[in-house]
Every structure is written in C-alpha cells, then in structure tokens.
Amino acid sequence: MSVPFSGALRRSGGIVSAIGKQLKSVNLKGVKRITVQFDPFAENVKSTREFLFLLSTPKVAQTNPKCVVKSDIVCDRQPSCIKFALIDSAQEQAKVKEIRFNSDNLNTLELLQLCNRHVSSLAPVEEITNKVLTKAEKQKLGGGAGAGKKVTKKK
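Residues numbered from 1 in each chain as written. Predicted model: local features only at pLDDT ≥ 70, side-chain atom pairs only at ≥ 80, totals over all residues. Heavy atoms only, no water.

Per an unreviewed UniProt entry, the protein chain is named Large ribosomal subunit protein mL53, and its organism is Drosophila kikkawai. Quoted verbatim from the Sequence similarities (unreviewed entry) field of the UniProt record, the comment on the protein chain reads "Belongs to the mitochondrion-specific ribosomal protein mL53 family." Under the heading Subcellular location (unreviewed entry), UniProt records this for the protein chain: "Mitochondrion". (UniProt positions renumbered as here; feature names shortened; annotations may be inferred.)

Shown next, in the form of structure tokens:
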C-alpha cells in the first residue's frame, strides 16, 4: 500500500519570480509623487533601496510618466518610509491625500504587495475611445474595401 501523492509537482519559482509577478501588476496612474526616505547606515534599509530601484525601472515608470520618484537620504536614524502622493480622483476614492509605508521591517516582496493592494487599486480605469478596425471587420460591417466591385467573367 502506498501513500497517495499530494502537493506541487515542481518547486515554486522562489522569491525572485514572486517579485517579478508583483512588479508586473504595479500601476502608478493614481500617483503624482513618490518620496522614498531612508538612512543608508540603518540595518534594515536594503529592501527600501531595492523597492526604489524597482519603482524606477522603465516598465513601471511607463505606467505614469508624470509621476515623480524622489529619494530623500537622511542621517538621522529615522525608520525608512515611502510616501505616495495621490492624484485628485484617487484622493476622493481613498479619502486620503497620501499613503505612507513604514518600510523598516518589511522585505521587498511585502512592499510590492502593499503597493499593489493599496496604490495600484486606486488607478483610474481606462476608457477605450477609438478602436482600430481591421479590413475583415470592416467588410463584415459592409463598408470594407472591395465590397462594391463586381467581377464579370469573359466568355
């Protein structure tokens, strides 16, 4: 008699793939300014610096080109903190002007998860205004190219 198999067939991708997955869903359209403040000599500052690096990658910056990412480096032994200043429509939705994370005891993955849960969810929904039609779709609608031509056979 054997024990039935239970569990995953393969190992998880690990922390790097989890960070990549969270990074794909970051949306900064509801944010006008991000301020990352940290003390470089503190013990738990690595995750805050990694989060700052991930926010400045081109894919994330492309979600809102108007968003300003500012880093404040201080030497006053204060805990690391990340502030997200929201746009007006996001302020009305969340009923706050800014979102602040005390990132001293959080790792990079937890910071990305919090960002997705509290900041990316406030991004305004995009409305599709103009849809580009292909030739096949135009022909189905009746006004496509070649719809009015008649071909005559020669005998």
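Asker: Account for the sheet that holds strand β3 (residues 81-86), with residues named and values stated.
Answerer: Strands sit in the order β2-β1-β3-β4 across an open sheet of four strands; the sheet is mixed. Sheet topology places β2 (68-73) and β4 (98-102) at the edges, where each strand pairs with a single neighbour. The mean inter-strand angle of the sheet, taken between neighbouring strand axes irrespective of direction, is 15 degrees. With five bridges connecting them, β3 and β4 associate as antiparallel partners. Looking across to β4, one finds that A85 is bridged to E98. Contacts from helix α2 (residues 46-55) reach β1 (31-38), β2 and β3, with the element oriented near 150 degrees to β1. (Pairing = 2+ DSSP bridges. Helix = DSSP H or I, 4+ residues; strand = E, 2+ residues; numbered from the N terminus. Axes fitted to C-alpha atoms, helices over the stretch in contact; angles between N-to-C directions. Contact = heavy atoms within 4.5 Å.)

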